[in-house]
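Examination of the molecular architecture
Chain residues, written in single-letter form:
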Amino acid sequence: MLLSIELNELNFDYLKKYIEIGKLTHFAKLFNDFTIDVTTSEAEYKNQEPWIQWVTAHTGKSFHEHGIFRLGDITTNPVVQIWEHLESKGVSVGAVSPMNAANRLRTPKYFVPDPWTQTKASGSWLLQKLHASVSQAVSDNATSKITPGSALYILLGAARYASPSNYLRYLKLATGSRRKKWNKALFLDLLLADIFMNLQARHKAEFATLFLNAGAHVQHHYLFSSAFSVSPHRNPSWYVEDSIDPVYEVYELYDHILGRIVKAFPAARMLLITGLHQTAYPKISYYWRLKSHDAFLHSLGLKFQSVVPLMSRDFIVKCKNPEEAASIAAELSSIRSADGTGIFSCDQRIDDVFVELVYDQDIQPGFEFIHRNHVHSTLPDNVAFVAIKNGEHTGDGYYLDTSRQKATKKERKFPLKNVYGMIAEEFSA
């Protein structure tokens, strides 16, 4: 059994600092016993997005070989992923929340997609309902909108899959979420880990993947608040209390999850893969998200078919033809703040447009923008504050393999795309 635990963008250098003061005992044992290798990815920063790099890890192809640039693009690209390759060799597979991965499997033991990629979930009706509900909740996280139906199925899913030993953790995360907004991401990752362990214990897939994103989320938004931050910037007290370290809190959760996985599957070979890691962002920058993408675009008089919200500030506008898409891209790209700063960045792909809300300064009542030579002041009512950017991507990631004892194996540095072949090799005999 080979378990690939994908801890998105986790900073092993920060983990080691906490270990040095006696924290994170399960990480400490893994780091002490096994070699930590370094993976490399794309040189251009724009190509270091995690939804690009996880496709690289899952397909064995660099960005320039697979060409997938957007979150969700995998569903229209026939590139072979590791699960499909192994299934074709007769290996049983399972996956929970792999980033930007399409479910094209014939008979997976289980497959729960990430919350952002529009592909089917394989499993029970409750698992499918739970996945759809989590997707809705994650999509609307910035505005804290969870539909009653989504809330119901998340509760039912938690009742079915949550480990009783974690009940107190769930309760603390839920009751503390008003004070600690990152608790929602931690709650979700704990639930995903419980789902993974439940499904894997029952179905015993020979190769199984678990992807967790709360670490990347917390680092992006709260890295300045780490006890070991070397940045000259600190988060304001209205954003996070000075006495709180969200980075340690997500690391401690992951330490707990890893301990449970190792205990539950002691004979399994385990991989820890981060894809990338993060460094402190050099300036204060704000993330904003449209509250209602459709309503805002309609208010500008734009014509389109539909909108698909993605992570944080990103969304896709689907149009009926390339001409309509070109018009949308031109219109949104032309919008400027009063000082001439662009609000949106657009990338047209035939009949749809990938849009980022790139304005990174404060947006207060009275904020004005210019569209079609008219001054508008509606943006403050149409955006939700997401976060202050604390961390940015760095191309190197980390790879720990429990088949590589530190006493006998030297550290390596290799392209992230090699992970695909290293996993496939486990089952090549």
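Let me sum up the structure you'll find in this document. Since we're looking at a predicted model, the values are computed, not measured.

**Points about the packing of helix α9 (residues 183–203) against helix α10 (residues 214–222)**
Packed helices, taken two at a time, are described by their axes: the angle between them and the distance between them. Across the interface, α9 lies against α10 with an axial gap of 9 Å and an inter-helix angle of 165 degrees. Comparing the axis directions of α9 and α10 gives the class roughly antiparallel. As α9 runs across α10, the sense of the crossing is left-handed. Seen from α9, the contacting residues are Ala185, Leu186 and Asp189; seen from α10, they are Ala214, Gly215, His217 and Val218.

**Comments concerning the environment of Glu84**
Its place among the elements puts Glu84 in helix α5 (residues 82–88). Since its relative accessible area comes to 13%, Glu84 is described here as buried. Spatially, the C-alpha atom of Glu84 lies 13 Å from that of Pro98, the residues being 14 residues apart in sequence. Ignoring anything within four residues of it in the chain, the contact list for Glu84 reads Val79, Ala102, Arg104 and Leu105. One polar contact links Glu84 to Arg104, side chain to side chain, over a distance of 3.4 Å.

**Some words on the packing of helix α2 (residues 25–33) against helix α11 (residues 246–264)**
Here α2 crosses α11 at 70 degrees, and the two axes come no closer than 7 Å. Looking at the two axes, α2 sits roughly perpendicular to α11. Between α2 and α11, the residues in contact are Thr25, His26, Phe27 and Leu30 and Tyr251, Tyr254, Asp255, Leu258 and Gly259, respectively. Of the residues assigned to the contact of α2 with α11, the class counts are five nonpolar, three polar and one charged.

**Concerning the sheet that holds strand β17 (residues 413–415)**
On the basis of which strands lie adjacent, the open sheet formed by eight strands has the order β4-β3-β5-β1-β6-β16-β2-β17 and mixed pairing. Each of the sheet's edge strands pairs with one partner strand only, and the pair in question is β4 (110–112) and β17. The sheet shows a mean angle of 20 degrees between the axes of neighbouring strands, taken without regard to direction. Strand direction decides the pairing type here: strand β1 (residues 2–7) and strand β6 (residues 269–273), joined by five bridges, are parallel. When the bridges of β6 are listed, Ser4 appears paired with Leu271.

**Describing unusual backbone geometry**
The backbone of Glu9 sits at a positive phi, close to 65 degrees, despite the residue not being glycine. With respect to the helices, strands and loops of the structure, Glu9 is situated in the loop between β1 and α1 (12–20). When its relative accessible area of 1% is taken as the criterion, Glu9 is described as buried. You will see that Ser312, though not glycine, has its phi angle at about 50 degrees, which is positive.

**Notes on the side chain of Arg404**
Considering the arrangement of structural elements, one finds Arg404 in strand β16 (residues 397–405). For Arg404, a relative accessible area of 10% puts it in the buried group. Leave out the neighbours within four places in its chain, and Arg404 touches Asp33, Phe34, Thr35, Asp37, Lys409, Lys410 and Arg412.

**Structural notes on the nonpolar core**
Ile5, Phe27 and Phe344 are the most contacted members of the largest nonpolar core, which totals 94 residues. Looking at this core element by element, the count peaks at 11 residues for α9. The contact partners of Phe344, leaving out residues within four places of it in the chain, are Leu290, Phe296, Phe315, Leu332, Ser333, Ile335, Val355, Glu356, Leu357 and Val358. Ala57, Phe111, Ile273 and Met422 belong to the second-largest nonpolar core, a separate cluster that totals 32 residues.

**A word on the environment of Thr40**
Looking at the secondary structure, you find Thr40 in strand β2 (residues 34–40). Taking the relative accessible area as the measure of exposure, Thr40 reaches 24% and is therefore partly exposed. What Thr40 contacts, discounting residues up to four positions off in sequence, is Gly395, Asp396, Lys413, Phe414, Pro415 and Leu416.

**Digging into the pattern of salt bridges**
Scanning all chains against the criterion turns up 18 salt bridges. Arg104 serves as the salt-bridge partner of Glu84, at 3.4 Å between the closest nitrogen and oxygen. Pair noted here: Glu84 is in helix α5 and Arg104 is in the loop between β3 (93–96) and β4, with a separation of 20 residues, a long-range link. A relative accessible area of 31% places Arg104 in the partly exposed class. Here Arg260 and Asp194 are joined by a salt bridge, their closest N and O atoms 2.9 Å apart. Of this pair, Arg260 sits in helix α11 while Asp194 sits in helix α9, placing them 66 residues apart in sequence. In this structure, a network of salt bridges that share partners links the residues Asp37, Arg404 and Arg412.

**Observations concerning empty space enclosed by the protein**
One way to see where empty space is left: roll a probe the size of a water molecule over the atoms. Inspection of the entire model under this criterion finds two cavities of 30 Å³ or more. Looking at the largest cavity, its volume works out to about 90 Å³. In terms of lining, the largest cavity is formed by 13 residues, of which the most central are Val112, Pro113, His131, Val134 and Leu192. Contributions of two or more residues to the lining of the largest cavity are made by α6 (125–139) and α9.

Thresholds, definitions, all that
- Residues numbered from 1 in each chain as written.
- Predicted model: local features only at pLDDT ≥ 70, side-chain atom pairs only at ≥ 80, totals over all residues.
- Heavy atoms only, no water.
- Axes fitted to C-alpha atoms, helices over the stretch in contact; angles between N-to-C directions.
- Helix = DSSP H or I, 4+ residues; strand = E, 2+ residues; numbered from the N terminus.
- Parallel < 35°, antiparallel > 145°, perpendicular 65-115°, else oblique.
- Left-handed = near helix turned anticlockwise from the far one by under 90°.
- Contact = heavy atoms within 4.5 Å.
- Buried < 20%, exposed > 50% of the residue type's maximum accessible area, 1.4 Å probe, protein only.
- Polar contact = N/O pair within 3.5 Å; in protein donor to acceptor, adjacent residues only side chain to side chain.
- Nonpolar A, V, L, I, M, F, W, Y, C, P; charged D, E, K, R; others polar.
- Pairing = 2+ DSSP bridges.
- Core = buried A, V, L, I, M, F, W, Y, C linked by side-chain atoms within 4.5 Å.
- Salt bridge = Lys/Arg side-chain N within 4 Å of Asp/Glu carboxyl O.
- 1 Å grid on protein atoms, 1.4 Å probe; cavity = no way out; pocket = protein on both sides within 12 Å on 5 of 7 lines; lining within 4 Å.
- Points joined across faces, edges and corners; volume = space filled by probe spheres on them.

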